[in-house]
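# Commentary on secondary and tertiary structure
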Amino acid sequence: MGDGNSVTSPAPGQTGDSPNSGSPAALDASKLKITLAQTLKPLQPIETLLFGQTFSDHMVVATHDPEKGWSAPELKPYGPITLDPQCSCFHYGGNIFEGMKAYLGPDDKIRLFRPDMNMRRMEKSCARLALPTIDGDAVLELIKRLVDVDRRWIPKESGYSLYIRPTVIATRLGLGLTASDHAMLYIIVSPTGPYFAKPISLLAVSENVRAWPGGTGGDKVAGNYSPGFLPQRTAADKGYDQLLWLFGDDRRVTEAGAMNFFVVVKRDDEDGVDLITAPLDGTILPGVTRASCLALASDPEFHQEISMRLHPQEMVYTMSDLAKWSSEGKLLEALAIGTAAIVGPCNRIGFEGKDIVIPGDGMGPVGTAIRKKILDIQEGRTEWKGWGVVCA
Ligand SMILES: *Cc1c(COP(=O)(O)O)cnc(C)c1O
């Protein structure tokens, strides 16, 4: 590819007739056009749900072009979208996404969990890939409308929810290596159950890296994920569920699969336990669940509630540290953390031909208490610092 600077003018068919007719429009949720599906799909028994395999009746779509800005968004029947094969997204991967959930509480209200954090992160991901600017608050309004229209898809059972996948793709025509000034936003939703039924095993890898300083690991951009599929397959062939991503010659522990990773470690001063995770240095995805665990772990009100003293530590730690803590009997829990799993236990970590085995299959009082608290907030059984946002 030697044409990095050769295409700077818009591709044919994308220039409007009056280029200076006012400034491009921001995304405006109040302009939403609604076309409801004529026939609704049958709901699936919840026991048969597989993550991201079943989608609801509707979706939201909006498009951006550099002259007009964002189109009036449309809520319409779920279905295929048609795109020109020239589109930038198919060649250069200018795609970003978010992952969040809507929960139905015992009071029959729908709640989102700290959705502002997802929306700020989405704005940042778009900026990182030089996609058109998108107003996260408007996206959130659209999410609320979609979730309300498709509310029959939210399973009522505890642990089940409606997974929400807002996505922005680059739709600029032409193969020129340049930022896409055209984009499409779509939002699709999928009923989902508990992500891991049982504890997961991790294989620590250092031959492949997920993210590196100056890269995009700290943003939810599509290109971060497919390079992990091959090493993931290798891990599966060796009998492990997920990868534990390491970085650097000192083999720093970073993330587990596409989740943040925490360990609970006994302190020398016996004053509670440390809850340790890698710092946000640009290689770690700033998870909403991660931030929530850290916030709970530093909150005296939460300590009192669970009668435990937690010390959150965002710090660099390595495989040697893990091995040492394990051999000294200080490694108490290992937790994979994210929207899909909330807090999931990791029972063993394969490294250099040996397994570090975590007591209690990975989960102990800390993981259990944090998981319960977050689920209670999400499902509306408790109010906590405005984290549960009622949307309909
Ligand atoms: C999405 C994601 C997470 C978890 O983020 P949440 O906001 O808690 O869902 C962690 N790591 C990676 C790589 C991710 O893509």
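- The protein chain appears in an unreviewed UniProt entry as Branched-chain-amino-acid aminotransferase from Suillus discolor.
- UniProt's Sequence similarities (unreviewed entry) comment on the protein chain is quoted here verbatim: "Belongs to the class-IV pyridoxal-phosphate-dependent aminotransferase family."
- You can read under Cofactor (unreviewed entry) in the UniProt record for the protein chain the words "pyridoxal 5'-phosphate".

### Observations regarding helix α5 (residues 288-297)
- Within α5, eight of the ten residues are buried, which leaves it mostly tucked inside the rest of the structure.
- The complete set of buried residues in α5 reads Val 288, Thr 289, Arg 290, Ser 292, Cys 293, Leu 294, Leu 296 and Ala 297.

### Some points on the packing of aromatic side chains
- Summed over all chains, the structure comprises five aromatic pairs.
- Ring plane angle 20° and centroid distance 5.6 Å describe the contact between Phe 55 and Tyr 78, whose orientation is recorded as stacked. Placement of the pair is Phe 55 in the loop between β1 (33-34) and β2 (58-65) and Tyr 78 in the loop between β4 (74-77) and α1 (88-92), with a sequence separation of 23 residues.
- According to the relative accessible area criterion, Phe 55 is buried, its value standing at 19%.
- Note on Phe 113 and Trp 387: the rings are 5.9 Å apart at their centroids and 85° apart in plane angle, and the pair reads as edge-to-face.

### Some remarks on the domain arrangement of the protein chain
- As far as domains go, the protein chain holds domain 1 (29-192) and domain 2 (200-381).
- The junction of domain 1 with domain 2 conceals about 2,100 Å² of combined surface from both sides, 60% of it contributed by carbon and sulfur atoms.
- Ranking the residues of domain 1 by area buried against domain 2 places Phe 97, Phe 113 and Arg 121 at the top, with a combined share of 29%.
- Counting across the interface, domain 1 meets domain 2 through one salt bridge.
- With a closest N to O distance of 2.9 Å, Asp 219 and Lys 124 form a salt bridge.
- Across the domain 1-domain 2 interface, the total number found is eleven residue pairs in polar contact (both at pLDDT 80 or more).

### Focus: the pattern of salt bridges
- The full count for this structure, using the stated rule, is 27 salt bridges.
- Here Asp 269 and Arg 267 are joined by a salt bridge, their closest N and O atoms 3.0 Å apart.
- Put simply, Asp 268 and Lys 330 hold a salt bridge, and the shortest N to O gap is 2.9 Å. Of this pair, Asp 268 sits in the loop between β13 (259-266) and β14 (273-277) while Lys 330 is found in the loop between α7 (319-327) and β16 (331-338), placing the two residues 62 residues apart along the sequence.
- Salt bridges sharing common partners tie together Asp 268, Lys 324, Glu 328 and Lys 330.

### Notes on the environment of His 311
- Mapped onto the elements, His 311 comes out in strand β15 (residues 310-314).
- Not counting chain neighbours up to four residues away, the residues in contact with His 311 comprise Arg 267, Asp 271, Gly 272, Val 273, Asp 274, Leu 275 and Ala 297.

### Overview of the site of the ligand
- Not every one of the 14 residues close to the ligand is listed here, only the nearest: Lys 220, Tyr 225, Glu 255, Thr 289 and Thr 339.
- Contacts to the ligand include Val 288, whose backbone N or O atom sits 2.8 Å from an oxygen atom.
- Thr 289 places a polar side-chain atom, nitrogen or oxygen, 2.6 Å from an oxygen atom of the ligand.
- Expressed as a share of its isolated accessible area of 380 Å², the protein-covered part of the ligand is 96%.
- Contributing elements (two or more residues each) for the shell around the ligand: β13 and α5.

### Points about the pairing of β16
- Most of β16 is tucked away, with seven of its eight residues classed as buried.
- When β13 meets β16, the two strands line up antiparallel, connected through six bridges. What sits directly across from Phe 262, in β16, is Leu 335.
- Examined bridge by bridge, β16 and strand β17 (residues 342-351) share four bridges and lie antiparallel to one another. Within β17, the residue paired with Gly 338 across the bridge is Ile 342.
- Here β16 folds back onto β17 in antiparallel fashion, the turn holding three residues.

### A short note on the UniProt feature "modified residue: N6-(pyridoxal phosphate)lysine" (unreviewed entry) in the protein chain
- Here, the residues flagged by UniProt with the feature "modified residue: N6-(pyridoxal phosphate)lysine" (unreviewed entry) are Lys 220.
- Along the chain, Lys 220 turns up in the loop between β10 (200-205) and α4 (229-237).
- Ignoring sequence-local partners within four residues, the contact set of Lys 220 consists of Ile 96, Phe 97, Glu 98, Gly 99, Arg 121, Ser 125, Tyr 225 and Leu 285.

### Observations regarding the environment of Met 319
- Looking at the element boundaries, Met 319 is found in helix α7.
- When its relative accessible area of 2% is taken as the criterion, Met 319 is described as buried.
- When the C-alpha atoms of Met 319 and Ala 256 are compared, they prove to be 13 Å apart, with 63 residues separating the residues in sequence.
- Leaving out residues up to four positions away in the same chain, Met 319 has contacts with Ala 204, Leu 244, Leu 246, Arg 251, Val 253, Ile 349, Phe 351 and Ile 356.

### What about the side chain of Thr 289?
- Mapped onto the elements, Thr 289 comes out in helix α5.
- Owing to a relative accessible area of 6%, Thr 289 belongs among the buried residues under this scheme.
- In this structure the side chain of Thr 289 is engaged in a polar contact, spanning 3.3 Å, whose partner is the backbone nitrogen of Thr 339.
- Once you skip the residues sitting within four places of it in the chain, Thr 289 turns out to touch Ile 337, Gly 338, Thr 339, Ile 342 and Ile 374.

### Here's the deal with the confidence of the model for the protein chain
- Of all residues in the protein chain, 94% attain a pLDDT of 70 or more, and the chain-wide mean is 93.
- Scored below 50 in pLDDT, residues 1-20 makes 24 contacts in the model with residues more than four places away or belonging to other chains.

Rules used in this analysis
- All residue numbers refer to positions counted from 1 along the written sequence of the respective chain.
- It should be noted that, the model being predicted, local features are given only for residues of pLDDT at least 70 and side-chain atom pairs only at 80 or more, the latter also being counted only at that level, while totals for whole chains, interfaces and linings use all residues.
- Hydrogens and water are ignored here; the side-chain numbers use all heavy atoms of the structure.
- UniProt positions are given in the numbering used here, feature names are shortened, and annotations may be inferred rather than shown by experiment.
- The buried label goes to any residue with under 20% of its type's maximum accessible area, the exposed label to any with over 50%, and the partly exposed label to all in between, with areas taken from a 1.4 Å probe on protein chains only.
- Counting from the N terminus, the helices are the DSSP runs of H or I reaching at least four residues and the strands are the DSSP runs of E reaching at least two.
- A pair of aromatic rings is counted whenever rings of Phe, Tyr or Trp (Trp by its six-membered ring) have centres within 6.5 Å, and the orientation is called stacked for planes under 30 degrees apart, edge-to-face for over 60 and tilted otherwise.
- Domain borders in the structure are assigned automatically or taken from a domain database.
- Here the buried area means the combined drop in accessible surface, using a 1.4 Å probe, for two parts upon being joined, counting both sides.
- Here, a salt bridge means any Lys or Arg side-chain nitrogen found within 4 Å of an Asp or Glu carboxyl oxygen.
- Two N or O atoms form a polar contact when they lie within 3.5 Å of each other; inside protein one atom must be a possible hydrogen donor and the other a possible acceptor, and for residues adjacent in sequence the pair counts only when both atoms belong to side chains.
- For this analysis, residues touch if any pair of their heavy atoms sits within 4.5 Å.
- Note on terminology: near, applied to a residue and a molecule or strand, indicates that one of the residue's heavy atoms is within 4 Å of it.
- The protein chains shown are the only cover counted for residues, whose accessible areas, like all others here, come from Shrake-Rupley with a 1.4 Å probe.
- At least two bridges found by DSSP between two strands are what make those strands a pair.
- A score between 0 and 100, pLDDT records how confident the predictor is in each residue.

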